[in-house]
Amino acid sequence: MTTEELYTFDKSFGCVVAGVDEAGRGPLAGPVVCACCMMGEKYIDGINDSKKLSEKKREFLFDSIRKNAIAYGIGIVDEKEIDRINILQATKKGMEIAIDNLSISPDIVLVDAVKGLNVPYPIKSIVKGDATSYSIAAASVLAKVTRDKIMREYAVRYPDYGFDKHKGYGTAAHIDALKKYGACDIHRRTFIGHFV
């Protein structure tokens, strides 16, 4: 869908919409990062599912979204908590934190695929929401860019693993490093069992 179609989808609700998405459910290391975003009337061309955008485009949109959003919130749940409560529960927790961090209350919260959030607003779960809803797509950009920044910082602290390149995902290079060096502090122990 085009940005205009995503924008029109959100407008069809006829009320103040917030969108929620996450980045980092699948990686072997690092946190899951969730974002909630309430976009204003100002239309930002190019907003789309973050997976469809180049890193450079995401970085540009990240700044534009933060400047133009009515409100946004970020929720970060680290690898220790992911291991403790599992990735689905950690994602829900991160989404709830992101929603709670909004400075303005939405009328409805559109969530990418996840159900059962404990928040004081009506929730609508949308499969492939980041490719359907303008506000979810904006949230996906905020979540992805925030998480990538965290992983680049971890790459400095743990230079053997190449976190700046694969962002913690299970690439061949990452798995080779795991086998060679073992796990570091930010690896998800429940994800890497058969690699080390």
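Residues numbered from 1 in each chain as written. Predicted model: local features only at pLDDT ≥ 70, side-chain atom pairs only at ≥ 80, totals over all residues. Heavy atoms only, no water.

### Observations regarding the sheet that holds strand E5 (residues 123-126)
Alright, step 1. Across the sheet, which stays open at both edges, the 5 strands sit in the order E3-E2-E1-E4-E5 with mixed pairing between neighbours. Looking at strand neighbours, the two that pair on one side only are strand E3 (69-77) and E5, the edges of this open sheet. Direction aside, the axes of adjacent strands within the sheet are offset by 20 degrees on average.
Alright, step 2. Pairing of strand E2 (residues 32-39) with E3 involves 8 bridges; the strand directions are antiparallel. Counted as the bridge partner of Val32 is Val77 from E3.
Alright, step 3. Sheet strands touched by helix H5 (residues 134-157): strand E1 (17-23), E2, E3, strand E4 (108-112) and E5. Its angle to E2, the strand with the most contacts, is close to 140 degrees. (Pairing = 2+ DSSP bridges. Helix = DSSP H or I, 4+ residues; strand = E, 2+ residues; numbered from the N terminus. Axes fitted to C-alpha atoms, helices over the stretch in contact; angles between N-to-C directions. Contact = heavy atoms within 4.5 Å.)

### Focus: the packing of aromatic side chains
Alright, step 1. Scanning the entire structure with this criterion turns up 7 aromatic pairs.
Alright, step 2. A ring pair is formed by Tyr7 and Tyr134, whose centres lie 5.1 Å apart and whose planes are at 90 degrees; its orientation type is edge-to-face. On the criterion of sequence distance, the pair formed by Tyr7 in helix H1 (residues 3-11) and Tyr134 in helix H5 is long-range, its members being 127 residues apart. There is no split in this pair, since Tyr7 and Tyr134 are both buried.
Alright, step 3. Pairing Phe9 with Phe13 gives two aromatic rings, centres 5.4 Å apart and planes at 80 degrees, and the pair type is edge-to-face.
Alright, step 4. Among the residues examined, Phe13 registers a relative accessible area of 24% and is labelled partly exposed.
Alright, step 5. Of the aromatic side chains, those joined through ring pairs into one cluster are Tyr7, Tyr43 and Tyr134. (Phe/Tyr/Trp six-rings, centres within 6.5 Å; stacked < 30°, edge-to-face > 60°. Buried < 20%, exposed > 50% of the residue type's maximum accessible area, 1.4 Å probe, protein only.)

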